[in-house]
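Topology and contacts: notes
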Amino acid sequence: MKTLIGNGLVIDPANRIGSRLNVVIADGKIAALTEKIPHGDFKRIDAAGKVVCPGFLDIHMHEAPVEDLDDLDGSVFGMMLRMGVTTVLGGNCGDSILPPKEYAERVRDGLPVNLCMLAPHGAAREACGFTDKYAPLREAEIGQVTALLRDWLDWGCWGVSYGIRYYPGMESKELMETARLCKPENLLVAAHVRDDAMYFYDALEEFLAPGFAYGLKMQVSHLGSMAGYGQMDRALAMLDAARSRGLDVMADSYPYSAFSTDIGSCTYDPGFLERYRCDYADVKICEGPYKDQVCTKENFEDMRKNYPGVITVAHVMDPEEVEAALCHPAVMLCSDGVVHGGQGHPRAAGAFPRLIAEYVRKGKLTLTEAVEKMTSLPAARIGLPGKGNLSVGSDADLVIFDPETICDRATFQDPGLPPEGIEYVLLGGEAVCDHGEILDLRRGQFLRRGNQT
């Protein structure tokens, strides 16, 4: 049976559509957008007073452990679905839960959302046995990592991701040799660059170097957390200047002024207090034996030594700098969501509705601009022509929300709280989330490049 979503304000930035229309769905695809309600036997959804738009795409998140897929409240995928996200890009920051091929095999029976993956450079390094993140690789070792990344790309990954910050031993030759793998098919090269705050400028130039050398498509990950300490104006100017020279470079950011990472990561190497002009107490401990205690020098050092995987949140960024990033036309929204047993940063459950509540309703972005940052921009960046738009024949992944009430509810104390104002989420033409209630946890698919459904 066909589905009719009637009387909604249809927002489709990819096609410059912003009118009250009816959406007809057949066989999991967009069949028509009509002015008048068509005759026929339809499953009907009344969207009067609501916005109907493509399902949101998250270009930078961190996939859930396979064993968490059925956890409605503790899995990042369930959180994504409840905030209107229908397709995500994992394997970011050079890391992954499992190698892409193994992850795809483990989720062959379906996922809460559609999942694409980048080929994670750091995971390839580890898989080749190079576990010292502070050590540079010799030429033959770079060749081994390059060969594995090439295999993952040939298999169906959507580009290469780097966590240069997390592998300080990585040198220019390693970056250049591995990034150039993306040139033949113009695949995405994304990175958590080497450094942030006052050191961001040099790190950005380092990352863009292979882009200029080989004409690559470059993506600066979570820009707000990299340059949100007084560097944003110059950072955006550097990106604009690079585009004026012909480089295809964009960025993503999440709408919060706190970042999140494991306490054992290189981000917390000596000097972080000076870099962020902060104190230990600005670091929130999200899990482990010191959960919810004030971070001190003593428990910080104990966690670094004995509990390095503990997830933390650092309240150190300038909110106005983050806002400047998200209001720039070349910056799209991401969540950078990562969840451990339901704990973490509220961005995993609130980033997308928050953009509308905090940016659209407060006049910082238009509704169309915000939807574009959540749909067509990331879809085009990843390389998904059937996603992020409502063209006839495109996949019927949609979200229906109330523009007056949509908002994030997740907090730093309760990071998994679902948003309000999202009426329905459809995946492949079927409702998978109804007013926050997840109806189907296996409608999504692992999407391989060249093998999308």
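Scope of this entry: the structure provided in the associated data block. (Residues numbered from 1 in each chain as written. Predicted model: local features only at pLDDT ≥ 70, side-chain atom pairs only at ≥ 80, totals over all residues. Heavy atoms only, no water.)

**Description of the overall build of the protein**
What counts is decided by this rule: Strands here mean DSSP runs of E at least two residues long; helices mean DSSP runs of H or I at least four residues long; both are numbered from the N terminus. In this description the radius of gyration comes from C-alpha coordinates, and the expected globular size is given by 2.2 Å times residues to the power 0.38. For each residue, the accessible area found with a 1.4 Å probe, counting protein chains only, is set against the maximum for its type, and the residue is called buried under 20%, exposed over 50%, and partly exposed in between. For this analysis, residues touch if any pair of their heavy atoms sits within 4.5 Å. Surface accessibility follows the Shrake-Rupley procedure with a 1.4 Å probe radius. Residue values consider only the protein chains on display as shielding. Positive charges come from Lys and Arg alone, negative charges from Asp and Glu alone, with His and the N- and C-terminal ends not counted. One atom stands in for each charge, and that atom is NZ of Lys, CZ of Arg, CG of Asp or CD of Glu.
Helix and strand counts for the protein stand at 14 helices and 23 strands. The C-alpha radius of gyration computed for the protein amounts to 21 Å, which stays within 12% of the reference 22 Å derived for 453 residues, consistent with globular compactness. A principal-axis box enclosing the C-alpha atoms of the protein has dimensions of 65 × 50 × 45 Å. Each of the 453 residues in the protein was classed as buried or not, and the buried ones make up 60%. Sequence separation of 24 or more characterises 75% of the internal contacts of the protein that already satisfy a separation of 6 or more. Total accessible area on the protein is roughly 17100 Å²; 47% of this is exposed by carbon and sulfur atoms. Averaging the locations of the 45 positively and 65 negatively charged side chains of the protein gives two centres separated by 4 Å.

**Points about the packing of aromatic side chains**
Test applied: Only rings of Phe, Tyr and Trp enter the pairing, Trp through its six-membered ring, and a pair is recorded when the two centres are within 6.5 Å. The plane angle decides the type: under 30 degrees is stacked, over 60 is edge-to-face, the rest tilted.
Per the counting criterion, the structure on display carries 12 aromatic pairs. On the basis of an interplanar angle of 85° and a centroid distance of 6.4 Å, the ring pair of Tyr256 and Phe412 is categorised as edge-to-face. Here the residue Tyr256 occupies a position in the loop between strand S13 (248-253) and strand S14 (259-262), and Phe412 occupies one in the loop between strand S20 (398-401) and strand S21 (422-427), the gap between them amounting to 156 residues. Since its relative accessible area comes to 5%, Tyr256 is described here as buried. For the ring pair Tyr268 and Phe272, a centre distance of 5.1 Å and an interplane angle of 80° mean the geometry is edge-to-face. Residue classification places Phe272 among the buried residues on the basis of a relative accessible area of 4%. Grouped by ring-pair contacts, the aromatic residues Tyr229, Phe259, Tyr268, Phe272, Tyr276, Tyr280 and Phe300 constitute a single cluster.

**Observations concerning unusual backbone geometry**
The phi dihedral of Arg16 falls on the positive side, at around 55°, and the residue is not glycine. Within the secondary structure, Arg16 is located in the loop between strand S1 (2-12) and strand S2 (17-26). Its identity as a non-glycine residue notwithstanding, Arg277 has a phi of 50°, on the positive side. Along the chain, Arg277 falls in the loop between helix H9 (272-276) and strand S15 (283-285).

**A look at the nonpolar core**
Our working rule: The set of buried Ala, Val, Leu, Ile, Met, Phe, Trp, Tyr and Cys residues whose side-chain atoms join them within 4.5 Å is what this entry labels a nonpolar core.
Core analysis: the biggest nonpolar cluster contains 138 residues, and Phe77, Tyr103, Phe200, Leu223 and Phe401 have the highest contact counts within it. Those residues within four positions of Phe200 in sequence are excluded, and the remaining contacts are Val193, Asp195, Val220, Leu223, Met226, Ala227 and Ala235. Of all hydrophobic cores here, the second largest spans 14 residues; its members include Ile5, Leu21, Val52 and Leu398.

**A closer look at the sheet that holds strand S10 (residues 159-163)**
To keep things clear, this is the line we draw: Being paired, for any two strands, means DSSP has found at least two bridges between them. Orientation is described by axes fitted as lines to C-alpha atoms, over the contacting stretch for helices, and by angles from 0 to 180 degrees between their N-to-C directions.
Across the sheet, 6 strands lie side by side as S9-S10-S11-S12-S13-S17; this open sheet has parallel pairing. The sheet is open, and its two borders are formed by strand S9 (119-120) and strand S17 (331-333), each paired with just one other strand. Contacting strand S11 (188-192), strand S12 (217-220) and S13, helix H6 (residues 200-214) runs over the sheet at an angle of about 160° to S12.

**Overview of helix H4 (residues 139-155)**
The criterion, for reference: A helix is expected to span 1.5 Å multiplied by its residue count minus one.
Counted at 1.5 Å a residue, the expected span for H4 with its 17 residues is 24 Å, and the 24 Å between its end C-alpha atoms agrees. Every buried residue of H4 is accounted for by Glu141, Ile142, Val145, Thr146, Leu149, Trp152, Leu153 and Trp155. Buried residues along H4 sit against helix H2 (100-106), S9, helix H3 (121-127), S10 and helix H5 (172-179). Backbone geometry just downstream of H4 places Gly156 in the positive-phi region, at approximately 145°.

**Considerations on the environment of Tyr167**
Heads up, the condition is: For the purposes of these results, a polar contact is taken to be a pair of N or O atoms within 3.5 Å, where, inside protein, one atom must be able to donate a hydrogen and its partner to accept one; residues adjacent in sequence count only when each atom of the pair is a side-chain atom.
Within the secondary structure, Tyr167 sits in the loop between S10 and H5. For Tyr167, a relative accessible area of 10% corresponds to the buried category. Residues Tyr167 and Asp41, spaced 126 residues apart in sequence, show a C-alpha to C-alpha distance of 57 Å. Contact partners of Tyr167, with chain neighbours within four places excluded, come to Gly122, Arg125, Glu126, Lys133 and Arg194. Within the structure, the side chain of Tyr167 is placed 3.3 Å from the backbone oxygen of Gly122, a separation counted as a polar contact.

**Describing the sheet that holds strand S7 (residues 85-90)**
On the basis of which strands lie adjacent, the open sheet formed by 3 strands has the order S6-S7-S8 and parallel pairing. The open sheet has two edge strands with one neighbour each: strand S6 (56-58) and strand S8 (114-117). Within this sheet the neighbouring strands show an average axis-to-axis angle of 20°, counted without direction. Note: S6 against S7, 3 bridges, orientation parallel. Within S7, the position partnered with Phe56 by the bridge is Val85.

**Notes on the pairing of S21**
Among the 6 residues of S21, 5 are classified as buried, and the element is accordingly described as predominantly covered. As paired strands, S20 and S21 are joined by 4 bridges and run antiparallel to one another. Paired with Phe401 across the strands is Ile422, a residue of S21. Here S21 runs beside strand S22 (residues 430-434); their pairing, made up of 4 bridges, is antiparallel. Its bridge partner being in S22, Leu426 is matched across the sheet by Ala431. Turn length for the S21-S22 hairpin, with the two strands adjacent in sequence and antiparallel, is 2 residues, and the turn residue Gly428 shows positive phi of about 60°.

Function cannot be read off these values alone, since they describe shape.
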